[in-house]
Amino acid sequence: MRAQLIPLEGGTPIDVLKDVTLVGRKEDCDLRLDHKSVSKLHCVIVKTDGLLLLRDLGSTNGTRVNGTRIRRAALLPNDQLTIANYSFKIRLGGEEPPASPEDHTEQLNAADVAHLLRPAVAPVGVGPSPLVDSSVDMPIVPVQNALPDVYPEEEKKR
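Residues numbered from 1 in each chain as written. Predicted model: local features only at pLDDT ≥ 70, side-chain atom pairs only at ≥ 80, totals over all residues. Heavy atoms only, no water.

**Some details on unusual backbone geometry**
Worth spelling out the cut-off: Elements are defined by DSSP. Helices are runs of H or I of four residues or more, strands are runs of E of two residues or more, and each kind is numbered from the N terminus. Under the scheme applied here, a residue whose accessible area is under 20% of the maximum for its type counts as buried, over 50% as exposed, and between as partly exposed, the area being computed with a 1.4 Å probe on protein chains only.
In the Ramachandran plot, Asn66 falls in the positive-phi region, its phi being about 50° despite a non-glycine side chain. By the element assignment, Asn66 lies in the loop between strand 7 (63–65) and strand 8 (68–70). Classification of Asn66 by relative accessible area gives partly exposed; the value is 35%. Notably, Ala84 is not glycine yet its phi reads approximately 55°, a positive angle. Here Ala84 shows up in the loop between strand 10 (80–83) and strand 11 (86–92).

Pasting the structure below:
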């Protein structure tokens, strides 16, 4: 899968070539953004089948997806990624997809993710070995996560 970060301020698109790309100001980073607003180890981008996963590494100035500060997120085509003061549009695949209002990152809870990852049950006698519905043997247990995926909004000062 081809993945690119398109700078919103103009410039050359950045190809995400590695399966795991470390982004930051440090010289060892795969994608080096040399500005004081970028943390030394700012975030990591992981390429999977059909999408990019992003995890903020406790950066000072934060990582935002479509304007929301995140700790982790799935990036879809046409999402806007902001790393400190750098803004990019996400492009996945060979051609630039047409902009669509439905193309955006969506927050999912653990039960929704488990449902999406559950394999389909093949009808008996179809194919060499039908799939087994794993939910019969093992219950789906919600992921225990001490930190939310997005930062809570700061309480309004009175």
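**Observations regarding the sheet that holds strand 6 (residues 52–56)**
The criterion, for reference: DSSP-based pairing: two strands are paired if at least 2 bridges between them are found.
With mixed pairing, the five strands of this open sheet are ordered in space as 4-3-5-6-9. The open sheet has two edge strands, strand 4 (31–32) and strand 9 (72–75), and neither has a second partner. Sheet topology note: the strand 6/strand 9 ladder contains four bridges and is antiparallel. The partner of Arg55 across the bridge, within strand 9, is Arg72.

**Points about the pattern of salt bridges**
Which entries qualify depends on this criterion: For this document, the term salt bridge refers to a Lys or Arg side-chain nitrogen within 4 Å of an Asp or Glu carboxyl oxygen.
Enumeration over the complete set of coordinates arrives at three salt bridges. For Arg2, the salt bridge goes to Asp15, with nearest N and O atoms at 3.7 Å. Remark: Asp15 occurs in strand 2 (residues 14–15) and Arg2 occurs in the segment before strand 1 (3–7); sequence separation between them is 13 residues. Residue Lys18 pairs with Asp30 through a salt bridge whose shortest N-O separation is 2.8 Å. Of the two residues, Lys18 is situated in the loop between strand 2 and strand 3 (20–24) and Asp30 in the loop between strand 3 and strand 4; the sequence distance between them amounts to twelve residues. Taking relative accessible area as the criterion, Lys18 reaches 46% and is therefore assigned partly exposed.

The quantities given are spatial measurements derived from coordinates; they are silent on function.
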